[in-house]
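# Observations on chain architecture
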Amino acid sequence: MDEILNPFAIAQAQLDEAAAVLQLDPDMHSFLRRPMREFHFTIPVRMDDGRVRTFQGFRVQYNDARGPAKGGIRFHPDETIDTVRALAAWMTWKTAVADVPLGGGKGGVICNPREMSQGELERLSRGYMRSISRYIGLTKDVPAPDVHTNPQIMAWMLDEHEMLQGHHEPGAITGKPLQLRGSAGRSPATAMGGLFAIREAAKLFDVELAGTTCAMQGYGNVGSFAHRLGHDRFGLKVVAVSDEFSGIYNENGLDPDVVAKHQRRTGRLADCPDTEALSNAELLELDVSILIPAAIENQLTGQNADNVKARVVAELANGPTTPEADKIFREKGTYIIPDFLCNAGGVTVSYFEMVQNAYQFYWEESLVQERLDYKMTTAFHAVDKMAKARGVDNRVAAYLVAVNRVAEAVRLRGWV
Ligand code: NAD
């Protein structure tokens, strides 16, 4: 049988497994398997050549029992409604495991931002908001950046939303630039949160992180900060990193300053000084202690999981591991820090951003990091405790913690 690679089918299969362990009420299970609301819309955009191109946009509000839906917006040529549904489901479990008072949502547009000018991207971002503004906002659904969207895109979207609503509402979007009332420490938050989780895992194994070898796939917002902070704050020896084109390797460790400078200059990692080339496939199978997927879904599959040598896989990306690979990792004893726990730092600081916007009172980065550390450490140990108590792996344990919390909110509201 072919391996399941549809992200939403994977998200549902993961929930099904947790529901079986929890002996979840079948009516609750059926309710939690599907998004509560979704929006499909067209976005006509005047392109630089004068023609109008129509893009397809989505926003999924998966579950808002614990608070307003929360989740990023992706601009990606391979975006599908099932990817958005899966990511919205994972946001629901992520906000629950991080215990922030929010639900789960996600958005996306099928487009290739690499082929679009800044003007076209601005008109697309504003068009997205014109379609969805009435359904989002501080008390309904709060977007943020994700793959190929960034603080500038959030600024255009916030401006369009506030113009349409006729008032300031900074907490309606997070991941904003600092000057538009973003939070200090938001950009590095996902990577930082993941590193706090890795630090806690290392304590369980009584391993010193300084000098521990590590390979990272993906060198965007999350991957590049994971390299920089892993190296500077925890002394990790990052021997390989990659982008969508290729990877680079140095057995003595890669200097984040050199890699960042090269990437800024050329837009790629290939041919970075003092490195050897390697493919993304080779990177995933390197003999390192920690592997950090920080790119896209379905990178660790039934085809390559057997060859993965890392003892710990810390999933900063969403959905990098298929259920088939999960089975193999379980048999091999690979320690997984599952995605919606490992990368919960981003949404946690987004929540801090909403709190600061509500109070119009802003925190120093050191305070943001201290509070992020507390939230990530608490979430990590809640999952570890559940894994030990129920004799399950970390992914199932993270689901047990999250699904229990969401189901309780749904029950208390009287929906099921
Ligand atoms: P990004 O667009 O900034 O970077 C993505 C990186 O992945 C780029 O280096 C790109 O070249 C690389 N990449 C793309 N396709 C690839 C492929 N097929 N093989 C190898 N590399 C590939 O995105 P990001 O914000 O860094 O997000 C990375 C992952 O982390 C995504 O799964 C995202 O959903 C997840 N995530 C991001 C945040 C956040 O705060 N940005 C929060 C939680 C989870």
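Right, let's get into the layout of surface pockets. Each pocket or cavity is described by its volume, and for the second largest pocket that value is around 260 Å³. T334, Y335, V392, D393 and N394 are the residues nearest the centre of the second largest pocket, which is lined by 14 residues in total. Mapped onto the lining of the second largest pocket, the elements with two or more residues apiece are helix 10 (323-332), strand 12 (335-337), helix 13 (365-390) and helix 14 (394-413). Its residues placed into classes, the lining of the second largest pocket shows five nonpolar, three polar and six charged.

Among the 23 residues in the neighbourhood of the ligand, the closest are listed as T190, Y219, V222, E244 and N318. Contact distances for the ligand include 2.7 Å between an oxygen atom and a side-chain N or O atom of E244. Across the shell around the ligand, the residue classes break down as eight nonpolar, nine polar and six charged.

On to the domain arrangement of the chain. Taken domain by domain, the chain consists of domain 1 (35-175) and domain 2 (189-342). The gap between the C-alpha centroids of domain 1 and domain 2 is 28 Å. Listed as interface residues are 10 residues of domain 1 and, on the opposing side, seven residues of domain 2. Taken together, both faces of the contact between domain 1 and domain 2 bury some 830 Å²; the carbon and sulfur share is 58%. Scanning the region where domain 1 abuts domain 2 turns up two salt bridges. A salt bridge links R74 to E297; the nearest nitrogen and oxygen atoms lie 2.9 Å apart. Linking domain 1 with domain 2 are three residue pairs in polar contact (both at pLDDT 80 or more), by the criterion used here. When residues of the side of domain 1 that touches domain 2 are assigned to their parent elements, the largest contribution, six residues, is made by helix 3 (residues 81-97). In terms of residue class, the side of domain 1 that touches domain 2 is made up of four nonpolar, one polar and five charged.

Tallying each qualifying case throughout the model produces 29 salt bridges. A salt bridge links D99 to R66; the nearest nitrogen and oxygen atoms lie 2.9 Å apart. A residue pair is termed long-range when its members are at least 10 positions apart, and D99 in the loop between helix 3 and strand 4 (104-110) and R66 in the loop between strand 2 (52-63) and strand 3 (69-76) qualify at 33 residues. One salt bridge connects K106 with D146, and the closest N-O pair in it is separated by 2.7 Å. Placement of K106 in strand 4 and of D146 in the loop between strand 5 (141-145) and helix 5 (151-165) is noted, with a sequence separation of 40 residues between them. Just as K106 is buried, D146 falls in that class too.

Both the distance between ring centres and the angle between the ring planes are used here to describe each pair of aromatic rings. Taken as a whole and assessed by the stated rule, the structure comprises 10 aromatic pairs. Ring geometry for F39 and Y135: centres 4.4 Å apart, planes at 20 degrees, overall stacked. Of this pair, F39 sits in strand 1 (residues 37-46) while Y135 sits in the loop between helix 4 (118-132) and strand 5, and the two are 96 residues apart along the sequence. The exposure class of F39 is buried, given its relative accessible area of 16%. Between the aromatic rings of Y62 and W93, the centroid separation amounts to 6.5 Å while the plane-to-plane angle is 70 degrees, which identifies the pairing as edge-to-face. In this pair, Y62 sits in strand 2 while W93 sits in helix 3, placing the two residues 31 residues apart along the sequence. Residue Y62 shares its accessibility class with W93, and that shared class is buried. Members of the aromatic cluster, each reached through a chain of ring pairs, are F8, Y62, W93, F340 and Y399. Between the NZ or CZ atom of R268 and the centre of the ring of F245, over which it lies, the distance is 3.7 Å. Of note, R371 hangs over the ring of W363, and the distance from its end group to the ring centre comes to 4.4 Å.

Attention now goes to the nonpolar core. Counting 85 residues, the largest nonpolar core has L32, W90, W93, V241, I292 and I337 as the members making the most contacts within it. The biggest single contributor to this core is helix 14, with 12 residues. Every residue in contact with V241, bar those within four places of it in the chain, is listed here: M216, Y219, H227, G247, I248, L254, V259, L269 and L283.

Let us look at the packing of helix 7 (residues 221-234) against helix 8 (residues 256-266). The contact between helix 7 and helix 8 brings their axes to 10 Å, and the two run at 160 degrees. With respect to helix 8, the axis of helix 7 lies roughly antiparallel. In the crossing of helix 7 with helix 8, the sense of the turn from one axis to the other is left-handed. In contact with H227, R228, H231 and D232 of helix 7, helix 8 contributes P256, D257, V259 and A260. Per-class residue counts for the contact of helix 7 with helix 8 are three nonpolar, two polar and three charged.

Right, let's talk about the environment of R330 for a bit. Structurally, R330 can be placed in helix 10. Under the relative-accessibility criterion, R330 is labelled partly exposed at 40%. As for R330 and A189, which are separated by 141 residues in sequence, their C-alpha atoms are 29 Å apart. Those residues within four positions of R330 in sequence are excluded, and the remaining contacts are E17, D393 and V396. Polar side-chain contacts of R330 include one of 3.2 Å to the side chain of E17.

Turning our eyes to something else, we now look at a nonpolar patch on the surface. Together, L204, F205 and V207 make up an exposed nonpolar region whose accessible area comes to about 220 Å². With respect to the secondary-structure elements, L204 resides in helix 6 (residues 189-205). Look at L204 and you get partly exposed, because its relative accessible area is 37%.

Criteria and thresholds
- Residues numbered from 1 in each chain as written.
- Predicted model: local features only at pLDDT ≥ 70, side-chain atom pairs only at ≥ 80, totals over all residues.
- Heavy atoms only, no water.
- 1 Å grid on protein atoms, 1.4 Å probe; cavity = no way out; pocket = protein on both sides within 12 Å on 5 of 7 lines; lining within 4 Å.
- Points joined across faces, edges and corners; volume = space filled by probe spheres on them.
- Helix = DSSP H or I, 4+ residues; strand = E, 2+ residues; numbered from the N terminus.
- Nonpolar A, V, L, I, M, F, W, Y, C, P; charged D, E, K, R; others polar.
- Near = heavy atom within 4 Å.
- Polar contact = N/O pair within 3.5 Å; in protein donor to acceptor, adjacent residues only side chain to side chain.
- Domains from an automatic or database assignment.
- Contact = heavy atoms within 4.5 Å.
- Buried area = accessible area lost by both parts, 1.4 Å probe.
- Salt bridge = Lys/Arg side-chain N within 4 Å of Asp/Glu carboxyl O.
- Buried < 20%, exposed > 50% of the residue type's maximum accessible area, 1.4 Å probe, protein only.
- Phe/Tyr/Trp six-rings, centres within 6.5 Å; stacked < 30°, edge-to-face > 60°.
- Lys NZ or Arg CZ within 6 Å of the ring centre and 35° of its normal.
- Core = buried A, V, L, I, M, F, W, Y, C linked by side-chain atoms within 4.5 Å.
- Axes fitted to C-alpha atoms, helices over the stretch in contact; angles between N-to-C directions.
- Parallel < 35°, antiparallel > 145°, perpendicular 65-115°, else oblique.
- Left-handed = near helix turned anticlockwise from the far one by under 90°.
- Patch = residues over 30% accessible without salt bridge, like charges linked within 9 Å, V, L, I, M, F, W, Y side chains within 5 Å.
- Areas by Shrake-Rupley, 256 points an atom, 1.4 Å probe, with all protein chains shown as cover.

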